[in-house]
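# A structural walkthrough
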Amino acid sequence: MGDIAAMKKFEAVVFDMDGVIFDSERATMYCWIELAEKYGIEGIEKPYLECTGTNDAKTREIMMNAYGPDFPYDEYAKEASKMYHEKYDGGRLPMKSGVFEILDFLKNNGKKIALASSTRRQTVVNQLRDAKILDYFDEIVTGDMVSKSKPEPDIFLLACEKIGVAPENAYAIEDSFNGIRAAHRGGLRPIMVPDLLPADDEMKQLSEAVLDSLNDVIIYFSQN
């Protein structure tokens, strides 16, 4: 997995969770689409994709802008959340390939590992525990710990502060446009591993690298 002497120089990696560690962005989108069909709501996929990487408040704002003030967002989100948890709780949430490999690689090479997820803390902890990867993380920062959502950098800056690493010495691994924007604004070194949306010119410009998988990230880190 690479000679430590030849590795890129960095101290930590801050991971997003949804769409990077778990295939949960796709799973959530399917729940929203299923409900949209049930209630006759048109074109839910486009505003949903704009919400990736953001917290509940920002998601609500995007959806209300898309469908107007009469859109029953709270009821809809609650039903979508119930559907999601019924389908995927208890370790049934599919993981992206390379998760265990990259976490082991970073631990074996003495790197700090943090999580910066817009999802609320209890859900994050439950999902990481169910997947048996909670103990890999030195710190977990969640959407309910900061007032400003991605694309603002607050969540990444707090993660770096908690692990005691300067942002410029930390990589951020993200799948969403909002996540890459947040990491870049915070001065971290963003790596995009696209999930639902491919990288556009903006993402290629803001990212140090755009890679296909977490296994490719290991190879990237292993190169000087």
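What comes next is a walk through the structure. For clarity, every value in this text was computed on a predicted model and none was experimentally measured.

Rules of the game
Residues numbered from 1 in each chain as written. Predicted model: local features only at pLDDT ≥ 70, side-chain atom pairs only at ≥ 80, totals over all residues. Heavy atoms only, no water. Axes fitted to C-alpha atoms, helices over the stretch in contact; angles between N-to-C directions. Helix = DSSP H or I, 4+ residues; strand = E, 2+ residues; numbered from the N terminus. Parallel < 35°, antiparallel > 145°, perpendicular 65-115°, else oblique. Left-handed = near helix turned anticlockwise from the far one by under 90°. Contact = heavy atoms within 4.5 Å. Nonpolar A, V, L, I, M, F, W, Y, C, P; charged D, E, K, R; others polar. Salt bridge = Lys/Arg side-chain N within 4 Å of Asp/Glu carboxyl O. Buried < 20%, exposed > 50% of the residue type's maximum accessible area, 1.4 Å probe, protein only. Pairing = 2+ DSSP bridges.

## Details of the packing of helix α5 (residues 99-108) against helix α10 (residues 214-222)
Direction vectors running N to C along α5 and α10 enclose 25°, while the axes themselves pass 8 Å from each other. Judged on the interaxial angle alone, α10 and α5 are roughly parallel. Handedness of the crossing formed by α5 with α10: left-handed. Listed contacts from α10 to Val99, Glu101, Ile102, Phe105 and Leu106 of α5 are Leu214, Asn215, Val217, Ile218, Phe221 and Ser222. When grouped by side-chain class, the residues that make up the contact of α5 with α10 number eight nonpolar, two polar and one charged.

## Digging into the pattern of salt bridges
Counting across every chain of the model gives 16 salt bridges. For Arg26, the salt bridge identified is with Asp23, shortest N-O distance 2.8 Å. Its salt-bridge partner being Lys107, residue Asp138 comes within 3.5 Å of it at the nearest N-O pair. Separated by 31 residues along the polypeptide, Asp138 in the loop between α6 (121-130) and β3 (139-142) and Lys107 in helix α5 bring together distant segments of the chain. The partly exposed category is assigned to Asp138, whose relative accessible area is 35%. Shared partners join several salt bridges into a network, and the residues in it are Asp23, Arg26, Lys96 and Asp195.

## Some details on unusual backbone geometry
For the peptide bond that leads from Lys150 to Pro151, omega is 20°, which places it in the cis range. Position of Pro151 among the secondary structure elements: in the loop between β3 and α7 (154-163). Positioned with a positive phi, Lys132 is a non-glycine residue whose angle comes to about 65°. Considering the arrangement of structural elements, one finds Lys132 in the loop between α6 and β3. Judged by relative accessible area, which is 69%, Lys132 ranks as exposed.

## Observations concerning the sheet that holds strand β6 (residues 209-210)
Sheet strands pair via backbone hydrogen bonds, and the direction of the pair is either parallel or antiparallel. Pairing is parallel in the open sheet, where six strands are placed in the order β3-β2-β1-β4-β5-β6. Both outer strands of the open sheet, β3 and β6, are each paired with one neighbouring strand and no more. Here strand β1 (residues 12-15) runs beside strand β4 (residues 170-174); their pairing, made up of four bridges, is parallel. Across the sheet, residue Val14 finds its bridge partner in β4, namely Ala172. With respect to the sheet, α5 is in contact with β1, β2 (112-117) and β4, its orientation differing from that of β1 by roughly 155°. Relative to the sheet, helix α8 (residues 177-185) contacts β4 and β5 (189-192), its axis offset from that of β5 by approximately 165°.

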